[in-house]
Each structure stands twice: as C-alpha cells, then as structure tokens.
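Coordinate inspection notes
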Number of protein chains: 2
Amino acid sequence: MTDEGRTPPPDPAAESRLDDTHRPGLECWVEGASKHPDFPIQNLPLCVFDAPGEAPRVGIGIGDMILDLSAVIDAGLMDTLPPDVAAASRDRSLNALMALGRPAARALRRAASLLLRTDTEEGRFARGVDASRILVAQDQVRLLVPAVIGDYTDFYASVYHATNVGSMFRPDNPLLPNYKWVPIGYHGRASSIVPSGTAVRRPRGQLRDDPSQPPVVAPTRRLDYELEVGAFVAGGNALGEPIPIDRAEEHLFGLCLVNDWSARDMQTWEYQPLGPFLAKNFATTVSPWVVTLDALVPFRAPAFARAEGDPSPLPYLASGENESGGGFDITLEVHLRSAKMRDEGKEAVRLSRSQFTGMYWTLAQMLTHHASNGCNLRPGDLIASGTVSGPEKDQRGCLLELTWRGGEPITLPTGEERRFLEDGDELVMRAWCERDGFARIGFGECRGEVLPPERRDSSQSS
Amino acid sequence: MTDEGRTPPPDPAAESRLDDTHRPGLECWVEGASKHPDFPIQNLPLCVFDAPGEAPRVGIGIGDMILDLSAVIDAGLMDTLPPDVAAASRDRSLNALMALGRPAARALRRAASLLLRTDTEEGRFARGVDASRILVAQDQVRLLVPAVIGDYTDFYASVYHATNVGSMFRPDNPLLPNYKWVPIGYHGRASSIVPSGTAVRRPRGQLRDDPSQPPVVAPTRRLDYELEVGAFVAGGNALGEPIPIDRAEEHLFGLCLVNDWSARDMQTWEYQPLGPFLAKNFATTVSPWVVTLDALVPFRAPAFARAEGDPSPLPYLASGENESGGGFDITLEVHLRSAKMRDEGKEAVRLSRSQFTGMYWTLAQMLTHHASNGCNLRPGDLIASGTVSGPEKDQRGCLLELTWRGGEPITLPTGEERRFLEDGDELVMRAWCERDGFARIGFGECRGEVLPPERRDSSQSS
C-alpha cells in the first residue's frame with residue numbers, strides 16, 4: 001500500500017480493515033477502468049443484469065463493463081472462491097450472496113480484484129481469455145433490482161429533513177419529542193421497487209386542498225422525489241433475536257441510492273394516524289449497483305456529532321465503534337432535466353448536494369433499532385435512510401424542502417419554474433466517495449422520468 | 001339444492017353464484033366431516049402443511065383431516081382439473097394457485113367436493129383408495145403460513161375501533177377528518193408473520209410513560225392483540241394499473257384470521273409522524289386455513305350502512321354490487337386462557353364477539369383503494385382489515401378498547417385481572433359463518449401464547 005498523499009482514515013477500526021483491494025495505484029486491464037469516476041477497480045460493486053432472452057446473472061461493475069460472474073466461474077477463473085460463494089455468485093439475484101453475509105462479499109471482492117489487475121497471475125490468465133466471454137458492456141444489458149426484497153423499511157434519519165418538514169406542518173413544534181431518541185422508521189412497499197431507468201407514472205389519489213370541500217380524486221399536483229441511501233441486509237436474524245449494535249455492520253451487505261417518490265398532497269390528506277401509504281407506494285427507484293461495505297472502508301466517518309443538549313443514544317444504540325466510525329462519507333447530488341431542457345439541448349441542472357455524514361442516526365443504529373424488538377430481518381431486505389438533507393438550503397434532498405412547500409419555486413435554465421415535478425421531468429441522483437490518497441468510487445445513477453397520469457377512466461373519476 | 005328453511009340470500013348477485021358445492025344436505029364420506037362445525041364439505045378451505053422431514057404440500061381441510069392434493073393428483077383422482085390448476089395444487093405454497101386467480105380456486109373446490117361426496121362417481125372411486133394415502137390427520141402435521149407473503153398491508157376499517165382508539169388519544173377529535181373518505185391503511189411487516197400456534201415473545205422497546213423523563217428500554221407493559229380478518233390477493237395487477245371496484249373481488253382469493261399483536265406503550269411513543277413500526281412488527285399471527293370467496297357465497301351481506309350525514313364513497317370506491325353484497329357475515333370471537341387458568345383446569349374465557357358486517361369499508365374497497373394509485377398487488381399478498389370491533393363493549397376486538405387503555409380491567413375466572421396480556425396467556429381467535437338453510441362453516445383457530453421477554457443482555461439494557 002502506498003502512503004503518498006494519504007490522510008489518515010478518520011476511523012482507526014476502518015484503517016485496520018484496509019487491504020490490497022483499496023490501494024489507489026492498482027492498474028486494471030479493462031480499458032478505461034482505472035480512471036473511471038464511479039467504477040474503478042477499487043469499487044467492484046455488485047449488480048444483477050439480464051440480456052434479451054437470457055436469465056438474470058450476477059455481475060461486478062468495472063469501468064463501463066460488467067464482469068459476468070457466471071461466465072468467470074464457468075471459465076475456471078475463480079477456482080479459489082469457496083464453493084458456497086461460487087454457487088451463490090451464479091444465482092439470479094444477490095440474495096444467496098447476501099445470505100452468506102459479508103465474508104462472502106469480501107472473498108468475492110478479493111477474487112475479482114486479483115482477476116482484474118494487470119500485475120497478478122490471475123489477471124494475466126484472465127486476459128488470455130476472450131474478453132467477450134466474461135465482460136459485458138453496461139449499455140448492452142438491462143440492470144435489475146439486485147435482490148428479491150422481502151421487506152422494505154424507510155427511515156427518517158436526517159434531523160435537518162425532519163425539522164424542515166416538521167416546521168411546515170407544525171411550526172410551533174417542528175421536531176417531535178421522540179426524534180432524538182428513536183430512529184423513526186416505517187414499512188414501505190416492496191412490490192413497487194423498480195430499477196433505475198424505469199419511468200414512473202404520476203399517480204392519482206384523493207386530494208383535499210380545501211378543508212371545507214370534499215376531497216377530489218385527481219393526479220397528484222405535488223409529485224416529489226426523496227434522495228436517500230439504501231442498505232441491503234446481509235445474513236439476518238431469527239425472529240425474537242435482536243442484533244446488538246456491535247454486530248450491526250455484519251448485517252449490512254452494501255449500499256445503493258434510493259428515490260422515494262412522494263405525492264405530497266396525497267400524503268397530507270392520508271397520513272394520519274398510521275403514516276404514509278398511497279403517497280409513497282406507487283414507486284420507489286433503486287440504483288442497480290450494490291457498493292459493498294468493504295469498498296467503503298476508506299470512506300468511513302464518525303457518527304453525527306450531537307449538539308449540546310441532545311440526549312446520548314440509549315445504550316442499545318451506543319457503541320464506541322459506531323461513534324468513531326459508524327458514518328459514511330458519501331456526497332449525494334440530485335439533477336433535474338425537464339422535457340423542454342432536453343428539447344433545447346440543455347444539460348440537467350443540479351438541485352442539491354448533500355453529505356451522508358450529516359444523518360442523525362447511522363445505518364447500524366437503524367438496523368439495530370429495527371431488530372431490537374425481535375423483528376427478523378432477512379438477506380436482501382432493504383433499509384433506506386430517509387431523505388438526505390443538510391443544514392443549508394442547497395443541501396435539501398427533496399422539492400418539498402427546496403421550494404418550501406412550493407412557495408419558493410426554482411427557476412430552470414429554460415425559464416420554467418418548478419414547485420414540484422412536472423410530467424417529462426427526468427431526475428438523476430448520483431453519489432460518490434472521495435478522499436485524498438484513495439481512488440474515488442461512485443454509486444452510478446438512480447434515474448427516473450415522470451410520465452403523465454394514466455388515462456382517466458370512469459372508475460377513477462371523482 | 002334444497003330450499004327447505006332457507007331464507008333468501010341478502011345479495012342477489014351472491015344468490016346467482018350458489019352452486020352444488022354449497023348444498024346443505026351434502027354427505028361426505030370422511031368420518032365426522034358432515035357435522036363438523038368448521039370444516040364440513042361446504043367449506044373446503046385451503047392450507048399448506050408439512051410432516052416431519054417432508055416438503056410442504058397444499059391441502060384442503062375436511063372434518064379433522066386434510067385432503068393431500070399432491071397425493072390425490074398423483075393417484076389420478078382429479079384428472080378433470082385443468083393442468084395448470086393441477087400443477088399449482090402440487091406446489092409448496094398457495095401462491096401458484098393464487099396467481100391463477102379465483103377460477104382456479106373454483107375448479108379445485110368443485111373437484112374436491114365431488115371427490116369427497118358419498119353420492120358421486122368420483123366419491124365412490126376415491127373411497128376405493130386407501131384413505132391413508134390421500135388423507136392426513138390435522139393433528140399429525142404442521143400447518144404453515146399458507147402463502148409466501150410478498151407484502152402485508154393492514155387497514156383500519158372499523159369505525160368503532162377507530163373512534164374508540166381516537167377518543168383515548170384525542171378526546172376532542174376522536175375520528176380524523178379523512179376517516180370516512182379514505183380506507184386508512186399502512187404497510188406491515190411480512191417477515192414476522194407466523195402461523196397459528198407459534199408462541200410470541202414479549203418484545204422489548206423504548207417506553208416513555210413519564211414525559212418529563214428519558215425513555216427506558218424494557219419489555220412492553222401493554223402487550224395487546226388485535227382481532228382482524230385477512231384477505232389473500234389473487235391474480236394481482238401490473239404497476240401503474242388500478243383495479244376498478246367492479247373487479248376487486250376477482251383479486252380476493254380467500255380469507256383467514258389475523259392477530260396483529262401490538263405493544264401499546266411502544267406504539268404511543270414511536271408512532272408519530274410515520275405510523276406504527278416496532279410496536280407491531282415483532283409478530284403477526286395468521287390462521288392457516290384460507291376460506292375461499294366461493295365458500296363464502298352464502299354469507300355475503302350488504303356493505304356497512306352509513307349513517308345520515310356520512311359522505312357517500314367517492315366514485316372509485318362505489319358500486320351497486322359492493323353496496324348490496326360487498327360485506328361478509330362473519331362472527332368473530334376472542335378467547336383468553338391464562339397460565340393459572342390452565343393450571344386450575346379452567347376453560348378459556350371469551351373476551352369479545354363481533355361481526356365483520358360492521359366494518360366501515362369492504363375488503364373490495366380496501367383492495368381498490370390500495371391499487372388506486374397504481375400500486376401493484378401480487379398473488380399471496382395479505383391485506384388485513386384492522387381490528388374488528390362493534391358498537392357494544394363486548395364487541396371490542398382488542399384489550400386497549402376492552403379495558404379502556406387499562407383503566408377498566410377484566411377479571412378472569414381465577415380472580416386474576418387483565419389490563420393487557422401477561423406472560424403465559426394463551427389467546428385464541430375463532431370465526432364462523434352461519435345462516436338458516438346453509439351449513440355452518442368456520443375459519444379454524446388463530447392461536448398464540450405469550451412468552452416472557454428474551455433474557456436481558458448488556459446490549460439491550462437501558
């Protein structure tokens with residue numbers, strides 16, 4: 001490992017987990033991979049893809065390509081992988097690998113790193129194989145939701161987001177008394193989770209803007225996105241058996257981006273007393289790449305620094321390791337491009353940039369809280385962080401906050417105004433990690449275009 | 001069909017769906033089945049069971065036995081079944097049958113009825129087969145959760161329950177303004193759904209009885225049950241495609257009982273603003289028998305009669321058929337037996353008896369509302385009704401209501417008092433349908449005993 005120009009990792013425990021796969025100078029024989037902004041050889045995110053007429057397969061992103069794990073294993077290029085890891089890598093989803101847990105991800109990462117390097121025996125051998133047998137171009141295949149998601153849970157872990165939203169609905173009492181004690185979360189809908197690139201239809205629903213009138217049924221007028229980080233569960237726990245905070249990260253397989261599309265007017269009308277339902281469950285978009293916790297080792301960060309007067313986490317949510325390195329230093333951005341912007345050849349405009357280090361609760365705390373009552377988590381379950389907003393205006397992770405409930409519209413380069421999303425708007429979320437002395441790694445894109453509402457038929461009219 | 005003593009069905013549409021399988025005089029060759037209170041030949045509920053060391057199989061309840069569909073089909077006793085229905089009947093869960101939809105259930109019901117009757121060719125042929133090949137005693141096998149439940153949604157459809165609970169938390173404003181317009185529901189946890197008979201461990205969680213003090217982590221002191229009816233989804237809909245109310249019942253495969261265990265103190269502290277989470281997701285018990293909508297044809301009832309001044313359902317939730325026959329006349333009971341009652345040889349005591357006809361929303365309305373924004377429902381998804389409470393005190397479907405938040409304890413025959421559930425309490429829910437001129441059919445039991453909390457370890461202490 002080279003030490004040139006490297007700042008010490010903020011977390012000593014993470015430091016000890018750095019290995020040869022993180023070394024910034026690694027050269028990869030896949031063209032363009034070494035300097036790729038998202039998928040250099042230090043990242044090696046997992047995905048599930050399919051080509052027309054073929055069954056889904058597990059792959060690893062490298063540069064603009066995917067390393068096809070079934071093909072690699074069939075070609076005898078990963079013979080040192082433990083047999084269970086090899087079998088799981090040949091499955092149709094990541095659930096089998098997630099069931100084997102983080103050690104499987106680590107074994108696979110090491111094997112893939114050796115295979116893709118220019119300076120290893122494995123790399124020289126792999127280069128002798130016809131590349132078209134084991135590499136597929138990302139733009140030639142379809143990237144799928146990478147796991148069969150049994151349950152999807154959405155948290156609310158940004159205190160900035162919670163305070164902003166709370167102050168719109170309850171100006172006197174923006175942050176509820178439980179917020180700084182309880183990692184607030186709720187169950188979302190698994191069936192409507194779609195992969196990046198899936199167009200999302202504007203939903204209809206009951207709206208009531210005027211409390212003196214009956215509600216109407218109409219397409220939502222306040223369609224919004226929420227920028228979130230998702231975590232896939234590894235291993236899991238039996239029903240009735242909590243997961244201690246010290247072991248929580250053994251159950252975090254890897255991270256992705258999540259767009260928790262939201263219909264704010266539907267939400268306002270329906271959400272009491274049992275929480276959001278139809279305002280959220282019409283679609284949730286995930287990015288297709290699972291950036292493993294091992295890839296993220298160089299980018300670990302302390303947990304949120306609580307303010308003077310904030311309570312300490314209760315003991316079941318507290319650990320020294322969580323405090324010193326439970327965070328992830330991830331930068332997240334949201335970009336919007338309207339139909340008119342596309343027509344006029346204008347690039348997408350950035351709406352926000354925020355940092356995942358600003359979350360009040362760590363992913364480990366969310367997971368431990370989730371299982372603290374004995375609730376069983378299963379491999380492939382998805383836990384989302386809630387909207388990643390920061391303290392500044394340009395760090396707000398949804399339009400509800402950015403336009404302050406629509407009252408402060410954003411002006412696009414075409415002169416169009418945006419209070420909420422319009423039909424034809426395309427939204428792209430991106431995220432990456434960078435740090436002096438390490439290769440930058442990225443999450444790819446979480447993309448979705450808004451389609452007009454379905455044709456009105458009599459059963460849907462108000 | 002005999003007309004002796006029969007009152008006309010309340011719903012003309014249901015009348016037209018009555019067929020030979022509902023005839024009250026049918027004789028069944030399985031011993032004791034003809035007079036069985038729950039599972040006479042007119043019921044034929046589906047289940048999934050396994051014997052030690054064997055794979056799960058689909059069965060049909062008849063008397064105290066299960067008709068093993070794999071064995072029946074292998075023995076050539078249902079050769080007239082459509083091949084896809086026969087294949088689905090040999091699966092390990094009911095999902096394949098549910099995917100084929102209600103016509104598959106109907107075909108299977110007719111075939112099973114003919115096979116089990118004493119007066120048919122099929123019945124005579126089946127009696128010639130060694131019964132031990134095709135029938136299994138219910139008490140010799142394990143009854144499982146009958147479907148792989150992709151998503152579980154819990155509604156809140158009893159206006160009596162909502163008003164009671166609301167008046168405890170918001171005395172001035174018990175029923176929120178959305179209640180009579182929106183079938184309120186939220187997403188529950190699929191992973192922790194367990195079959196009847198599974199013991200349920202008292203969960204730990206954050207509790208805050210005294211708002212001037214920090215919360216503590218302790219086993220819930222207010223463990224409760226909720227008596228509900230569950231509906232399994234048949235067929236399903238594509239993402240983005242609502243299900244019109246006129247077609248909703250094509251997507252209801254069959255019903256079961258649901259105990260939505262609840263930790264009221266955890267719920268009070270955590271539920272704002274995103275709804276119940278850990279207070280509910282530690283366990284949900286379902287009865288193992290799926291009573292099909294065809295079995296329930298004689299017991300259809302009008303939808304809830306809204307009071308003067310209540311709004312009419314919005315058009316997307318309204319149909320003449322729903323109004324005249326969207327309800328189900330099901331009687332539900334909850335019985336409790338404490339450890340001391342068992343020790344003293346005392347029978348369980350009945351806590352409540354309520355009617356499913358008293359629900360403000362029909363199951364068809366819940367399903368159509370659920371899909372009205374385009375949310376996709378999948379075969380095997382579970383939709384629960386919410387607590388089935390009626391207007392009278394002895395019709396309240398949970399202890400929160402029965403003891404009015406613990407303030408009016410119930411006295412058991414042993415002299416013990418119950419405000420909420422105690423360790424060792426066993427709870428049994430039962431339900432049935434009866435009507436003059438038809439055979440009574442039942443739902444079997446939804447049973448669960450409360451176990452003491454898991455041993456406290458350091459990571460869980462407060």
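As the structure is a prediction and not an experimental result, all values here were calculated from the model.

Here's the deal with the overall build of chain A
A tally of regular secondary structure across chain A gives 13 helices and 26 strands. Computed over C-alpha atoms, the radius of gyration of chain A comes to 22 Å, within 12% of the 23 Å expected from 2.2 N^0.38 for 462 residues, which places it in the range of a compact globule. Expressed along its principal axes, the backbone C-alpha trace of chain A runs to roughly 75 × 50 × 45 Å. Relative to its full complement of 462 residues, chain A shows a buried share of 63%. Restricting to contacts in chain A with at least 6 residues of sequence separation, those with at least 24 account for 72%. About 16300 Å² of surface is accessible on chain A, with carbon and sulfur atoms providing 48% of the total. Computing the positive centroid from 48 side-chain charges and the negative centroid from 64, chain A places the two 3 Å apart.

Digging into the interface of chain B and chain A
With 64 residues of chain B at the contact, the number on the chain A side is 64 residues. Of the roughly 5800 Å² buried between chain B and chain A on both sides combined, carbon and sulfur atoms contribute 61%. For the chain B face of the interface with chain A, the top three residues by lost area are B:Arg189, B:Leu274 and B:Phe277, together amounting to 14%. Linking chain B with chain A are four salt bridges, by the criterion used here. Put simply, A:Arg189 and B:Asp381 hold a salt bridge, and the shortest N to O gap is 2.7 Å. Counting every contact that joins chain B to chain A gives 30 residue pairs in polar contact (both at pLDDT 80 or more). For the side of chain B that touches chain A, the secondary structure elements donating two or more residues are strand S6 (152–155), strand S7 (185–187), strand S10 (204–207), helix H9 (264–270) and helix H12 (363–371) of chain B. Residue composition of the side of chain B that touches chain A, by class: 32 nonpolar, 22 polar and 10 charged.

Focus: the relation of the copies chain B and chain A
Superposition record for chain B on chain A: RMSD 0.0 Å, screw rotation 180°, translation along axis 0.0 Å. Expressed as an axis order, the relation between the two copies is that of a two-fold axis. Closest to the rotation axis within chain B is the C-alpha of B:Gly275, separated from it by 2.1 Å. Interface overlap between copies is the fraction of interface residues in one copy that are interface residues in the other; for chain B against chain A it reaches 100%, indicating a shared surface.

Re the sheet that holds strand S3 (residues 65–68) of chain A
Residue and element names in this part refer to chain A. What the five strands build is an open sheet, ordered S4-S3-S2-S1-S5; its pairing is antiparallel. Pairing within the sheet leaves two strands with one partner each, and these edge strands are strand S4 (135–137) and strand S5 (142–143). Looking at chain direction, strand S1 (residues 46–50) and S5 are connected through two bridges and run antiparallel. Paired with Phe-49 across the bridge in S5 is Leu-143.

Observations concerning helix H5 (residues 102–116) of chain B
Given 3.6 residues per turn, any residue in an α-helix points the same way as the ones three and four places further on. Along its 15 residues, H5(B) runs 21 Å from first to last C-alpha, staying within 8% of the 21 Å computed at 1.5 Å per residue. Those residues of H5(B) that fall on the buried side of the exposure criterion are B:Arg102, B:Ala104, B:Ala105, B:Leu108, B:Arg109, B:Ala111, B:Ala112, B:Ser113, B:Leu115 and B:Leu116.

Notes on the pattern of salt bridges
Residues and elements named next belong to chain A. A full pass over the atoms with the stated rule returns 74 salt bridges over all chains. Note that Arg-57 and Glu-54 form a salt bridge whose closest N and O atoms lie 2.7 Å from each other. The class of Glu-54 is partly exposed, set by a relative accessible area of 41%. A salt bridge links Arg-264 to Glu-226; the nearest nitrogen and oxygen atoms lie 2.9 Å apart. Of this pair, Arg-264 sits in helix H9 (residues 264–270) while Glu-226 sits in the loop between strand S12 (223–224) and strand S13 (227–233), and the two are 38 residues apart along the sequence.

Things to note about the side chain of A:Asn164
Residues and elements named next belong to chain A. Looking at the secondary structure, you find Asn-164 in helix H8 (residues 159–169). Polar contacts involving the side chain of Asn-164 include one to the side chain of Glu-401, which spans 2.7 Å. Among residues more than four places away in sequence, those in contact with Asn-164 are Arg-396, Glu-401 and Trp-404.

Observations regarding the sheet that holds strand S21 (residues 349–355) of chain B
Residues and elements named next belong to chain B. What the five strands build is an open sheet, ordered S9-S26-S25-S20-S21; its pairing is mixed. Across the chains shown, the open sheet's two edge strands, defined by having one partner strand only, are strand S9 (200–201) and S21. Bridge analysis of strand S20 (residues 331–337) against strand S25 (residues 426–433) gives seven bridges, and the strand direction is antiparallel. By the bridge assignment for S25, Leu-332 is matched with Ala-431.

Some details on H12(B)
Of all the nine residues making up H12(B), nine are buried; the element is thus mostly covered by neighbouring parts of the structure. Turning to H12(B), its buried residues are B:Leu363, B:Ala364, B:Gln365, B:Met366, B:Leu367, B:Thr368, B:His369, B:His370 and B:Ala371.

Some remarks on the pairing of strand S20 (residues 331–337) of chain A
All names here are of chain A. Across the seven residues that make up S20, a large majority, six, are buried. Two elements, S20 and strand S21 (residues 349–355), share six bridges in a ladder whose sense is antiparallel. Following the sheet pairing, Thr-331 is matched in S21 by Gln-355.

As for the confidence of the model for chain A
Residues and elements named next belong to chain A. Summary statistics for chain A give a mean pLDDT of 95 and a share of 96% for residues scoring 70 or more. Low confidence marks residues 1–6, where pLDDT is under 50. Its contacts with residues over four positions away, or in another chain, come to 14 contacts. Low pLDDT, under 50, characterises residues 458–462; the predicted model gives this stretch 16 contacts beyond four residues in sequence or across chains. Reported confidence for the predicted complex is 0.95 by ipTM and 0.96 by pTM.

Some details on unusual backbone geometry
Residue and element names in this part refer to chain A. The amide bond that connects Gln-272 to the next residue, Pro-273, takes the cis arrangement and shows omega of 5°. Along the polypeptide, Pro-273 turns up in the loop between H9 and strand S16 (284–286). With a phi close to 65°, Arg-405 is a non-glycine residue in the positive phi region. Under the relative-accessibility criterion, Arg-405 is labelled partly exposed at 33%.

Observations regarding the environment of B:Gly397
Residue and element names in this part refer to chain B. For Gly-397, the location among the structural elements is in the loop between strand S22 (382–384) and helix H13 (399–402). For the pair Gly-397 and Gln-140, spaced 257 residues apart in the sequence, the C-alpha separation amounts to 31 Å. Apart from the residues lying within four places of it in its own chain, the contact partners of Gly-397 are Tyr-225, Glu-226, Leu-227, Ser-352, Thr-387, Val-388 and Ser-389.

Definitions and limits used
- Residues numbered from 1 in each chain as written.
- Chains lettered and ligands numbered in written order.
- Predicted model: local features only at pLDDT ≥ 70, side-chain atom pairs only at ≥ 80, totals over all residues.
- Heavy atoms only, no water.
- Helix = DSSP H or I, 4+ residues; strand = E, 2+ residues; numbered from the N terminus.
- Rg over C-alpha atoms; globule rule 2.2 N^0.38 Å.
- Buried < 20%, exposed > 50% of the residue type's maximum accessible area, 1.4 Å probe, protein only.
- Contact = heavy atoms within 4.5 Å.
- Areas by Shrake-Rupley, 256 points an atom, 1.4 Å probe, with all protein chains shown as cover.
- Lys, Arg positive; Asp, Glu negative; His and termini not counted.
- Charge placed at Lys NZ, Arg CZ, Asp CG, Glu CD.
- Buried area = accessible area lost by both parts, 1.4 Å probe.
- Salt bridge = Lys/Arg side-chain N within 4 Å of Asp/Glu carboxyl O.
- Polar contact = N/O pair within 3.5 Å; in protein donor to acceptor, adjacent residues only side chain to side chain.
- Nonpolar A, V, L, I, M, F, W, Y, C, P; charged D, E, K, R; others polar.
- Least-squares fit on C-alpha atoms with pLDDT ≥ 70 in both.
- Pairing = 2+ DSSP bridges.
- Expected span 1.5 Å × (residues − 1).
- pLDDT = per-residue confidence, 0-100.

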